[in-house]
Amino acid sequence: MDTIDPISMRSAAQQLTRRADALRTSASTTARQVDTMVYAGPAADRFRAAARNETARIVEAATQLDDAAALLLRAAAQVEAERAQLPRSW
């Protein structure tokens, strides 16, 4: 008996997409806040550079979550297509 559930796979993909969106929103908010800081000088420049690096890493993590979601959606579609090819037993 097949225990793979395409509905659960799609649900998990949606959760990953929502989390990716939340990460991107947080990264954008953080970047805006850092960019508008009034601090100046070498330490402020180093902090801004480090913050840009970290927000880029967060955006990359969000992209990886999107990729995982897309993989789940493709797998769910594949399972459904394979099931559609199976003979029906009444």
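Everything discussed here concerns the structure shown above.
The shown structure was predicted, so the numbers you read here are calculated from the model rather than taken from an experiment.

Asker: Give a detailed account of the environment of Ala20, specifying residues and quantitative values.
Answerer: Within the secondary structure, Ala20 is located in helix α1 (residues 6-35). Ala20 sits in the buried class, given a relative accessible area of 0%. Sequence separation of Ala20 and Gly41 is 21 residues, and the distance between their C-alpha atoms is 34 Å. Dropping the residues within four chain positions of it, Ala20 is found in contact with Ala62, Leu65 and Asp66.

Asker: Which residues make up α1, and what are the values?
Answerer: Under the 1.5 Å per step criterion, the end-to-end length of α1 is 43 Å for 30 residues, consistent within 8% with the ideal 44 Å. Residues Pro6, Met9, Ala13, Leu16, Ala20, Ala27 and Val34 constitute the buried set of α1.

Asker: Tell me about the pattern of salt bridges, residues and numbers included.
Answerer: In total, this model carries four salt bridges according to the counting rule given. Residue Glu80 pairs with Arg10 through a salt bridge whose shortest N-O separation is 2.5 Å. Here Arg10 lies in helix α1 and Glu80 lies in helix α2 (residues 42-85), a separation of 70 residues in the sequence. Take Glu80: its relative accessible area is 35%, and that puts it in the partly exposed class.

Asker: Kindly report on the environment of Thr30, identifying the contributing residues and their values.
Answerer: Along the chain, the position of Thr30 falls in helix α1. Looking at Thr30, the relative accessible area reads 35%, which means it is partly exposed. For the pair Thr30 and Arg52, spaced 22 residues apart in the sequence, the C-alpha separation amounts to 9.1 Å.

Quick notes on the rules
- Residues numbered from 1 in each chain as written.
- Predicted model: local features only at pLDDT ≥ 70, side-chain atom pairs only at ≥ 80, totals over all residues.
- Heavy atoms only, no water.
- Helix = DSSP H or I, 4+ residues; strand = E, 2+ residues; numbered from the N terminus.
- Buried < 20%, exposed > 50% of the residue type's maximum accessible area, 1.4 Å probe, protein only.
- Contact = heavy atoms within 4.5 Å.
- Expected span 1.5 Å × (residues − 1).
- Salt bridge = Lys/Arg side-chain N within 4 Å of Asp/Glu carboxyl O.

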